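Chain by chain, the residues:
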Amino acid sequence: MALARIQAAVVNGLKALGKLNEAQATALLNSNDDMSGEGLGKLLQTEYKVTDFALLTARSRAFGISPFHVRNFQVDELTFEKLDRDFCRENKVLPVGSAGPFLIVALANPFNLQITRKITEITKQKVSLLLAPESELMELLEDKKEQPTSVGFGDVFEALGMEGDFDESEIAEGALEDEESAPVITLVNRIIEDAYYSGGSDIHIEPSEKTTRVRVRIDGICHEKLTIPAKVSGALIARIKVMSNLDISEKRLPQDGRIVFKQYTRKNLDIDLRVSTAPLNHGEGVVMRILDKQKSTLPLPALGFEPENLALYRGLIQRPFGMVLHCGPTGSGKSMTLYSALNEINAPDIVVRTAEDPIEYTLPGICQMQMHRKIGLTFAAALRAFLRQDPDIILVGEIRDSETAGIAVEAALTGHMLFSTLHTNDAPSTVARLTEMKVEPFMVSASIVCVCAQRLMRRVCKACKQSYEPTGREAEVLQKSLQWKGPIFRANPEGCPACGRSGYKGRVGIHELMGTSEGLIEAINKEADTALLKRVAMLNGMSTLHQDSMKKVRAGLSTMAEAISNVPPDMEDLDAIREEFALEAEAKAEAEAARKEKVEGYKRQRAQAAADKAAAAPPAAENQSSV
Ligand SMILES: [Zn+2]
């Protein structure tokens, strides 16, 4: 018996990727062994030296399921909240996150048709599947050691001689002023570990007159973690500076550094921290950005794209060349979207190069370069080097100067797909930012594939949200942006245990996706201003950030208060825009008709003149009568 249809698709996929030659593929396709998927996989890996990565890519294409790289996945206390570990082991599945109504599940065996129904029965959630290699999945599921869920500070305080509510006189002298003393070392480690386990993105250490406050940003909001006596803060900050290779004696100037935390902790934590110190009025302050190297990207459908935006975006990133730009302030989820996009289009047959500062996610099968401005390794320098290496896809962390902008556009116009970010507030103003950076408008219009502005809004807690009928201004805003009215949700001010009493849990992305169109290209070439570009894009069906945020409110994912605090309502009114453009088109048509009329009139005049002339000068030549 020849191979089953799906196994044949895998073999053909590998052939298309160049991992099997014609003869090998034919031999496999005609083999008489009755092979299971697993058997074929083993054979491909041992006999034909096909890599895990290539096999996963080929299988995911054959099944039409996005691939998931288990090695980058970090189990946390919520992983097995909905499906317990035993169930997962038995069924070879791994819940890797949720997105709106969907539970995202990685599975090893797509032939297990019952599994989606089973999971839906247990969790009451719809299921979105990803494909993972069985060996990696089982390795993770069989890993017995549970991750520590949180760490306390009690014992460190004890060692430092302070209670939760400290009394300065009780603090042991000496030990606290030395950055190498054991309690200070432990305290720094504990602050970092605690921030990491509570899902924080940044740690802020801010001195005030008598105390130093440690705050951690979680889901975009700062939470106070602890207050320590000012006396300890000197040693604390000195210790952080030692860990980041900074000059301890320099306290008057800001410094930047990096901590490779793996070197300092015995816990299995592979994180880096980007450290920035600054002299403030009450002493030095420190901000540490946590860069989790084990963090995995989420599949694109999990990022909160509306279905029409997702379909459009997925289509656009498959283009062979051009520029895909993401914009928004720091912390708006730009990098996550970029990496998810890269992950989706990455395959063994394409070459991807990235220039990043800092490298926030590590992706399999992709070569990433860390920038180093002090020695001259800038985005522009990296881009220039990449152009010589001729990759298919280039990711540049950020376009912030005219040099980088120029080379980026050049790359996009010479057959490369270029992904990058800019710090603009909305999609249409990206065009003006690029022209400010001395890129000619016709180069901008020729290179841009799409611009996506985005923000992250807090999700309202599903367990305690409260339904209500909006009135007044809120109803007006909904009506104007979506032409819709109906009940929406507000956050419970009391919160519940599920959301840590905040009323919100997790975040969802909102997007303003501006794809190019004939009208937009024309407007860019005519150097139209941002406001006009926005109107053209809206007329082409672009949903603004505000409209997208309202869709999330309508869907009950977030609240009106959260949406409005993120993005103010648009000034534009779609009906007015339609009218404006209809009038313009009408005026254009009228002008065109008038022009035609004029030309016709002229033609008629000329014909009349010729006829008169012919009549005045009779039978000169017969062949002229046809004029
Ligand atoms: Zn709640």
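Not measured: the values here are computed from a predicted model.

> Honestly, the overall build of the protein chain in this entry has me stumped. Any pointers?
Scanning the protein chain from N- to C-terminus turns up 22 helices and 18 strands. Projected onto its principal axes, the C-alpha coordinates of the protein chain cover approximately 125 × 75 × 60 Å. Taken over 627 residues, the protein chain has a buried fraction of 46%. Restricting the contact set of the protein chain to residue pairs at least 6 apart, pairs at least 24 apart contribute 65%. Here the protein chain has roughly 31000 Å² of accessible surface; of this, 52% comes from carbon and sulfur atoms. Separation of charge centres in the protein chain, based on 75 positive and 86 negative side chains, amounts to 3 Å.

> Honestly, helix 11 (residues 307-316) in this entry has me stumped. Any pointers?
An α-helix turns once per 3.6 residues; consequently, residues spaced three or four apart project the same way. Within helix 11, burial applies to Asn 309, Leu 310, Tyr 313 and Leu 316. Buried residues in helix 11, looked at end-on, bunch into an arc of 135 degrees, giving them a common side. Turned more than 90 degrees away from the buried face of helix 11, the exposed residues are Pro 307 and Ala 311. Among the structural elements, strand 10 (322-327), helix 12 (334-345), strand 14 (417-422), strand 15 (448-460), strand 18 (504-515) and helix 20 (545-554) are those in contact with the buried residues of helix 11.

> Please explain the pattern of salt bridges as it appears in this structure.
Oppositely charged side chains can form a pair if their charged atoms are brought close together. Across all of its chains, the model carries 31 salt bridges by this definition. Its salt-bridge partner being Lys 225, residue Asp 194 comes within 3.5 Å of it at the nearest N-O pair. One end of the pair, Asp 194, is in helix 9 (residues 182-197); the other, Lys 225, is in strand 6 (residues 221-229), with 31 residues separating them in the sequence. Look at Asp 194 and you get buried, because its relative accessible area is 8%. Here Lys 225 falls in the partly exposed class, since its relative accessible area comes to 30%. Two residues, Arg 400 and Glu 398, come together in a salt bridge whose shortest N-O distance is 3.1 Å. The class of Arg 400 is partly exposed, set by a relative accessible area of 43%. Assessed through its relative accessible area of 15%, Glu 398 is described here as buried.

> Would you mind going over the sheet that holds strand 6 with me for this structure?
Strands pair in a sheet through their backbones, by hydrogen bonds, and they do so in one of two ways: parallel or antiparallel. If you walk across this open sheet you meet the six strands as 6-5-4-9-8-7, and the pairing is antiparallel. Each edge of the open sheet carries a strand with a single partner, namely strand 6 and strand 7 (255-260). Neighbour to neighbour, the strand axes of the sheet diverge by 20 degrees on average, direction disregarded. As defined by bridge partners, strand 4 (residues 200-207) adjoins strand 5 (residues 211-218) across seven bridges and the pair is classed as antiparallel. Counted as the bridge partner of Gly 200 is Ile 218 from strand 5. Set on the sheet, helix 9 makes contact with strand 4, strand 5, strand 6, strand 8 (271-280) and strand 9 (283-292); between it and strand 4 the angle comes to about 140 degrees. Sheet contacts for helix 10 (residues 230-243): strand 4, strand 5, strand 6, strand 7, strand 8 and strand 9; angle to strand 6, the most-contacted strand, approximately 115 degrees.

> Whenever I open this one, the state of the cysteines confuses me. Can you help?
Two cysteines joined by a covalent bond between their sulfur atoms form a disulfide. One pass over the structure, following the stated rule, counts zero disulfides. With no disulfide of its own, Cys 327 lies 7.3 Å from the sulfur of Cys 452, the closest cysteine sulfur.

> Is there a simple way to explain the sheet that holds strand 3 (residues 126-131) in this structure?
Spatially, 1-2-3 is the arrangement adopted by the three strands of the open sheet, whose pairing is mixed. Where the open sheet ends on each side, the last strands, each with one partner, are strand 1 (93-99) and strand 3. When strand polarity is set aside, the average angle formed by the axes of neighbouring strands in this sheet is 30 degrees. For strand 1 and strand 2 (residues 102-107), the ladder comprises six bridges, and the chain directions are antiparallel. Residue pairing in the sheet places Leu 94 in a bridge with Ala 106 of strand 2. Helix-sheet contacts for helix 7 (residues 134-142) involve strand 1 and strand 2, and the interaxial angle to strand 1 is about 90 degrees.

> Explain the coordination of the zinc ion here, please?
Angles between donor atoms at a metal ideally measure 109.5 degrees for a four-coordinate tetrahedral arrangement and either 90 or 180 degrees for a six-coordinate octahedral one. Distances from the zinc ion to its protein donors, Cys 461 (SG), Cys 464 (SG), Cys 496 (SG) and Cys 499 (SG), fall at 2.3 Å. Donor residues for the zinc ion, ordered by position in the chain, follow C-x2-C-x31-C-x2-C. Highlighted residues: Cys 461 in the loop between strand 15 and strand 16 (466-468) and Cys 499 in the loop between strand 17 (488-490) and strand 18, separated in sequence by 38 residues. Its relative accessible area of 2% is what places Cys 461 among the buried residues.

> I tried to follow the packing of aromatic side chains on my own but got confused; where do I start?
Two aromatic rings are characterised by how far apart their centres lie and by the angle between their planes. Following the criterion strictly, the structure yields two aromatic pairs and no others. Ring geometry for Tyr 196 and Tyr 197: centres 5.4 Å apart, planes at 65 degrees, overall edge-to-face. Its relative accessible area of 11% is what places Tyr 196 among the buried residues. Ring centres 5.3 Å apart and planes at 20 degrees place the aromatic pair Phe 305 and Tyr 313 in the stacked group. A relative accessible area of 8% places Phe 305 in the buried class. Just above the ring of Phe 489 sits the side chain of Lys 465; from NZ or CZ to the centre is 4.2 Å.

> Help me understand the pairing of strand 11 (residues 352-356) in this model?
Counting buried positions along strand 11 yields four of five residues, so the element is predominantly enclosed. For strand 11 and strand 12 (residues 367-370), the ladder comprises four bridges, and the chain directions are parallel. From the neighbouring strand, Thr 354 faces strand 12, where its bridge partner is Gln 368.

> How do you make sense of the side chain of His 204 when you look at a structure like this?
Here His 204 is to be found in strand 4. Note on His 204: relative accessible area 14%, which makes it buried. Setting aside residues no more than four positions away along its own chain, His 204 makes contact with Arg 213, Val 214, Arg 215, Arg 217, Cys 222, Val 286 and Val 287.

> Teacher, can you tell me more about the nonpolar core here?
One recurring pattern in soluble globular proteins is that nonpolar side chains are buried together. Counting residues in each nonpolar core, the largest one holds 55 residues, and the members touching the most others are Met 323, Leu 325, Leu 418, Leu 434, Ile 448 and Met 514. Here this core takes six residues from helix 14 (residues 402-413), the largest share from any one element.

> Any chance you could explain helix 4 (residues 52-63) here in plain terms?
In a regular helix each residue adds 1.5 Å, so twelve residues correspond to 16 Å; helix 4 covers 16 Å between its end C-alpha atoms and thus fits that length. Following helix 4 by one or two positions, Gly 64 has its phi on the positive side, about 70 degrees.

> Is there a simple way to think about the side chain of His 511 in this case?
Here His 511 lies in strand 18. The contacts of His 511, once residues within four sequence positions are left out, are Leu 303, Gly 304, Phe 305, Asn 309, Cys 452, Ala 453, Gln 454, Ser 543, Thr 544, Leu 545 and Asp 548.

Each value, and the rule that gives it
Residues numbered from 1 in each chain as written. Predicted model: local features only at pLDDT ≥ 70, side-chain atom pairs only at ≥ 80, totals over all residues. Heavy atoms only, no water. Helix = DSSP H or I, 4+ residues; strand = E, 2+ residues; numbered from the N terminus. Buried < 20%, exposed > 50% of the residue type's maximum accessible area, 1.4 Å probe, protein only. Contact = heavy atoms within 4.5 Å. Areas by Shrake-Rupley, 256 points an atom, 1.4 Å probe, with all protein chains shown as cover. Lys, Arg positive; Asp, Glu negative; His and termini not counted. Charge placed at Lys NZ, Arg CZ, Asp CG, Glu CD. Arc of directions from axis to C-beta. Salt bridge = Lys/Arg side-chain N within 4 Å of Asp/Glu carboxyl O. Pairing = 2+ DSSP bridges. Axes fitted to C-alpha atoms, helices over the stretch in contact; angles between N-to-C directions. Disulfide = S-S within 2.5 Å. Donors = N, O, S within 2.8 Å, 3.2 Å for Na, K, Ca; no water. Phe/Tyr/Trp six-rings, centres within 6.5 Å; stacked < 30°, edge-to-face > 60°. Lys NZ or Arg CZ within 6 Å of the ring centre and 35° of its normal. Core = buried A, V, L, I, M, F, W, Y, C linked by side-chain atoms within 4.5 Å. Expected span 1.5 Å × (residues − 1).

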